[in-house]
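Observations on the three-dimensional arrangement
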Amino acid sequence: MRFLRRIIPGYWAGEGDSEKDLFRYRRLWKYSVSLTALVSLAPLVIMTVVNYYLDQKVLRVEMIHPISQHTSNTKRSLEFFIEERLSALNLIINDKPFEDLVDQKRLYSVLRNMKNSFGGFVDLGVIDAEGYQRSYVGPYELKGKDYKDKDWFHEVSLRGLYVSNVFMGYRNFPHFVIAVKKEKAGEGFYVLRATIDAETQIQKIISPFDLRPSTDVFVIDREGVLQTSSRFHGKILEKSSVAVPPYSSRPEVLEGQTGEGQSYLLGYAYIEQTPFILMIVAQRKALMMNWLSVRHDLIWFLVGSVVLILLVIFWGSIYMVSRVREADLKRDALLHNVEYTNKMASIGRLATGVAHEINNPLAIINEKAGLVKDLALLTEDFPQKEKIIKNIDSLLANVERCSTITHRLLGFAKRMDVTLETINLELLIREVLGFLEKEASYRNISVNFYIPEGFPSIQSDRGQLQQVFLNIINNAFAAMKEGGRIDISMREEREEDAVVVTIKDTGHGISKEDLPHIFEPFFTTKKEGGVGLGLSITYGIVEKLGGRISVESTVGQGTGFTVFLPAEKTRF
Amino acid sequence: MAPLRVLLIDDEEELVSTLAERLMLRGIEVEVGTSGAYAIECVQEKKFDVVVLDMKMPGIGGLEVMRRIRREQPGIKFILMTGRGSLEEGEEGMQEGAFAYLLKPINIEDLMEKMMEAVRV
């Protein structure tokens, strides 16, 4: 709360102005904040969101691209590998006559050559149209085996070539079979059949791609049985934990989820003319690492920017509205000042006019009464003579009282010739205090000066200033009981090119209702003897000298008068 | 001692006549007038020791009347009466050569004193 207090400006906290004004500044502030926030944050948020999705898209493409590339490359390699071996079988079956192939020795030399030039061949056999293996070379005794009812034999006899799934078979290691058929001229056909070591050969082709530790490359058949061992999705000849993807003649990339809920990217390709499907499974999480860090950065960037922008907007708006308010207050003060000056001038003119008109009849009354008194004194005693003279004396005394007022009133707005001289304000005020020294010591009133080093002298009118300070200090004395204190401080107001004298007392203060009227003529709060002209004359003089006077007061605590006087040249 | 001869000028007829009567009761020879023009005319015909002049009058003002008379007869003393509250106007008259100035309403004793002083000098 204290922090809020510090950043919330006065107009928000409800200091000073009227309720209507406060509401106005608050609304201004709200408008300013919401508008600037809208125009600055909206594009930022939109850009960030768009960027987020674009980045995600690009990253996805970047993620998919290498997988699809490798899938496609590996598919080609695998196809080439199988194609090559089928071609070798084709070459042999077409090149060698049937008689050569059923000859065990010759067949053995063929197998040896093939092992040397291609690799991966384990054995070789020739089966006649009845499914009877006529010759066989390899690590087992399979000559004479009957394949007549085997599916593969039917397939090769129909399609002309055959590639099997991987199986263990008699040999008890993973291998697969390829076979090609040759029509004999006029009488049936025969088949050349070879076994290929699946594990070493296929693994060799697909392994180099294994780039990331989280990526798994393996081959399944169309039933989903693993044809090679995999890292995470089962052992060879087990059912793969990844479902068989739909058929496509081209390499594809799919997104999917494993049973454990981990999402992955699957690159796959159906290998033509074989039951094999190449599978490349990349764990999405591992691939997403980069993306996640980008997203993380992006979110922090957004949050940071928003906070920064909001701070700037808040401070900017506070500053701006404060400036507007200051300008308003200044303008109001100026208007008030002008109004007040005009009011005082009209009152001054009225007072002078009235005083002047009254002064002449007053002079006549004075003479008439005087004459009556003269005549009465010259006449011999007559009844009531003493009483008459006494009354005339009272009449004359009251005329004098009236004339004192008219003279002071006439002085209120009189034409003044200002004589400029260099004045040390401290000395001048000390002189004025000299008149009141006795009263001060009698009433135990202390006077303190607070004057900064090097306080300048000013050009002004000595007599007028004496009158000003005498009036103010006199009032201060009148307001205080025994043991009061008067503080006189001076300072320079460089912006206004003025010197400022403040005279504070610890008197009874002036009530809020009285405060606006104290410079008006005939306004007095003194119960006895106050005519109410002192401060109005003071006001007039200070204005004439090119300065101004203001007052602050708290009932029970005291009153402070502040006199601004031009520091350099006076303007009359 | 011959009585003091005084010319009393103010645009308020009632004021001058009353004041004159009071001065005469005090043994002073008084001539009264209500305009500056009359004053200038009057001093040429008669001889006066003191002229008591209101400063603010319609027509020729007090200061101007004093200037003109003093040009002819520098010996005549002037006492000015001013209705203004400020003392500056009176001071201005003093600078122009008046002997004294008094604020209206006038205290008759002050006036008597100033007139006596004027002829003594």
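Given the structure is predicted, the values throughout are model-derived calculations rather than measurements. Numbers given to residues run from 1 along each chain, matching the order in which its sequence is written. By the order in which they are written, chains take letters starting at A while ligands take numbers starting at 1. For a predicted model such as this one, the threshold for reporting local features is a pLDDT of at least 70, and the threshold for listing and counting side-chain atom pairs is 80 or more; totals across whole chains, interfaces and linings nevertheless cover every residue.

1. So, the overall build of chain B
To qualify as a helix, a DSSP run of H or I must reach at least 4 residues; to qualify as a strand, a run of E must reach at least 2; elements of each kind are numbered from the N terminus. A count of helical and extended segments in chain B gives 5 helices and 5 strands. Going from the N terminus to the C terminus, chain B shows its helices and strands as β-α-β-α-β-α-β-α-β-α. A separation of at least 24 residues holds for 57% of the contacts in chain B among residues at least 6 apart in sequence. We call two residues in contact if the C-beta atoms placed from their backbones are at most 7 Å apart.

2. Some points on the overall build of chain A
Check the secondary structure of chain A and you find 13 helices and 16 strands. Looking at the 572 residues of chain A, the share that counts as buried comes to 27%. A residue is called partly exposed when the number of other C-beta atoms within 10 Å of its own lies between 12 and 20, exposed at 12 or fewer, and buried at 20 or more, with C-beta atoms placed from the backbone.

3. Regarding the sheet that holds strand β3 (residues 161-163) of chain A
Residue and element names in this part refer to chain A. Across the sheet, 5 strands lie side by side as β2-β1-β5-β4-β3; this open sheet has antiparallel pairing. Strands with a single pairing partner mark the edges of an open sheet, and in this sheet they are β2 (133-137) and β3. Going from strand to strand, the sheet's axes swing by 15° on average, the running direction of each strand aside. On the sheet, helix α5 (residues 104-117) packs against β1 (121-128) and β2 and is oriented at approximately 140° with respect to β1. Against the sheet, helix α6 (residues 151-159) makes contact with β1, β3, β4 (175-183) and β5 (189-197), and its axis sits at roughly 140° relative to β3, the strand it touches most. When DSSP finds at least two bridges between two strands, those strands are taken to pair. Here an axis means a line fitted to C-alpha atoms, over the contact stretch when the element is a helix, while the angle between two N-to-C directions is reported on a 0 to 180 degree scale.

4. Section: helix α1 (residues 13-25) of chain B
Residues and elements named next belong to chain B. Residue count minus one, scaled by 1.5 Å, sets the expected span of a helix. Along its 13 residues, α1 runs 18 Å from first to last C-alpha, staying within 8% of the 18 Å computed at 1.5 Å per residue. Where α1 is concerned, the buried positions are Leu15, Val16, Thr18, Leu19, Ala20, Arg22 and Leu23. Count one or two residues on from α1 and you reach Gly27, which has phi positive near 80°.

5. Notes on the interface of chain B and chain A
Contacts between chain B and chain A engage 18 residues on the former and 23 residues on the latter. Tallied by class, residues from the side of chain B that touches chain A come to 7 nonpolar, 4 polar and 7 charged. Residues are grouped as follows: Ala, Val, Leu, Ile, Met, Phe, Trp, Tyr, Cys and Pro are nonpolar; Asp, Glu, Lys and Arg are charged; every other residue, Gly included, is polar.

6. What to know about unusual backbone geometry
Cis geometry is found at the peptide bond from B:Lys104 to B:Pro105, where omega equals -5°. Topologically, B:Pro105 is positioned in the loop between β5 (100-103) and α5 (108-120). The phi angle at A:Gln384 is positive, at roughly 65°, despite the residue not being glycine. Topologically, A:Gln384 is positioned in the loop between α8 (284-378) and α9 (385-412).

7. Some remarks on the pairing of strand β14 (residues 498-505) of chain A
All names here are of chain A. Where strand β13 (residues 485-493) and β14 come together, 8 bridges link them in antiparallel fashion. Counted as the bridge partner of Glu493 is Ala498 from β14. Between the end of β13 and the start of β14, which pair antiparallel, lie 4 residues, with Asp497 showing a positive phi angle near 55°. Of the pairings in the sheet, the one linking β14 to strand β16 (residues 558-566) comprises 7 bridges and is antiparallel in character. Looking at β16, one finds that Ala498 is bridged to Pro566.

8. Examining the packing of helix α10 (residues 425-435) of chain A against helix α12 (residues 462-479) of chain A
Residues and elements named next belong to chain A. As a packed pair, α10 and α12 sit with axes 9 Å apart at the nearest point and diverge in direction by 55°. Judged by the inter-axis angle, α10 sits oblique to α12. The two elements α10 and α12 meet at a crossing, and its hand is right-handed. Between α10 and α12, the contacting residues are Leu428, Ile429, Glu431, Val432, Leu433 and Phe435 on the first element and Arg462, Leu465, Gln466, Phe469, Leu470 and Ile473 on the second. Tallied by class, the residues present in the contact of α10 with α12 amount to 9 nonpolar, 1 polar and 2 charged. Should an angle fall under 35 degrees it is called roughly parallel, over 145 degrees roughly antiparallel, and 65 to 115 degrees roughly perpendicular, with every other angle called oblique. Definitions for this section: a left-handed crossing has its near helix turned counterclockwise from the far helix by less than a right angle. A right-handed crossing has that turn clockwise.

9. What about the nonpolar core?
Definition of nonpolar core: a set of buried Ala, Val, Leu, Ile, Met, Phe, Trp, Tyr and Cys residues joined via C-beta atoms within 7 Å. Membership of the largest hydrophobic core comes to 54 residues, with the highest contact counts inside it found for A:Ile178, A:Ala179, A:Leu192, A:Val219, A:Ile277, A:Leu278 and A:Met279. Counting 40 residues, the second-largest nonpolar core is a separate cluster that includes B:Val6, B:Phe48, B:Leu53 and B:Leu80.

10. Focus: the environment of B:Arg67
With respect to the helices and strands, the residue B:Arg67 is situated in helix α3 (residues 62-72). C-alpha of B:Arg67 to C-alpha of B:Gly93: the two residues are 26 residues apart in sequence and 9.9 Å apart in space.

11. Some details on the sheet that holds strand β4 (residues 77-82) of chain B
Strand pairing in a sheet takes place through backbone hydrogen bonds and is either antiparallel or parallel in direction. Residues and elements named next belong to chain B. Spatially, β2-β1-β3-β4-β5 is the arrangement adopted by the 5 strands of the open sheet, whose pairing is parallel. A single partner strand is all that each edge strand has here, and the edge strands are β2 (29-33) and β5. Taken over all neighbouring pairs, the strand axes of this sheet differ in orientation by 20° on average, direction set aside. In this structure, strand β1 (residues 5-9) lies alongside strand β3 (residues 50-54), joined through 4 bridges in parallel fashion. Paired with Leu7 across the two strands is Val51, which belongs to β3.

12. Thoughts on the environment of A:Leu44
Relative to the helices and strands, A:Leu44 is located in helix α3 (residues 19-95). Considering only alpha carbons, one finds A:Leu44 and A:Val306, 262 residues apart in sequence, at a separation of 8.4 Å.

13. Quick look at the packing of helix α2 (residues 36-45) of chain B against α3(B)
All names here are of chain B. It is at 10 Å that the axes of α2 and α3 come closest, and there the two elements cross at 15°. The angle between the axes of α2 and α3 places the two elements in the roughly parallel class. Here α2 and α3 pass one another in a crossing that is right-handed. Of the residues in α3, those touching α2 at Gly36, Ala39, Ile40 and Val43 are Glu64, Val65, Arg68 and Ile69. Within the contact of α2 with α3, the residues separate by chemical class into 5 nonpolar, 1 polar and 2 charged.

14. Quick look at the confidence of the model for chain B
Parts of the prediction with low pLDDT should not have their coordinates interpreted in detail. Per-residue confidence from the prediction method is given by pLDDT, with values spanning 0 to 100. Confidence in the prediction of chain B, expressed as mean pLDDT, is 89, and 96% of residues score 70 or more. Across the assembled chains, the prediction reports ipTM 0.90 with pTM 0.47.

15. Quick word on the environment of A:Ile277
All names here are of chain A. Tracing the chain through its elements places Ile277 in strand β9 (residues 277-283). Through-space distance from the C-alpha of Ile277 to that of Leu226 is 9.5 Å; in sequence the pair is 51 residues apart. Dropping the residues within four chain positions of it, Ile277 is found in contact with Val219, Ile220, Arg222, Val244, Tyr268, Tyr270 and Ile271.

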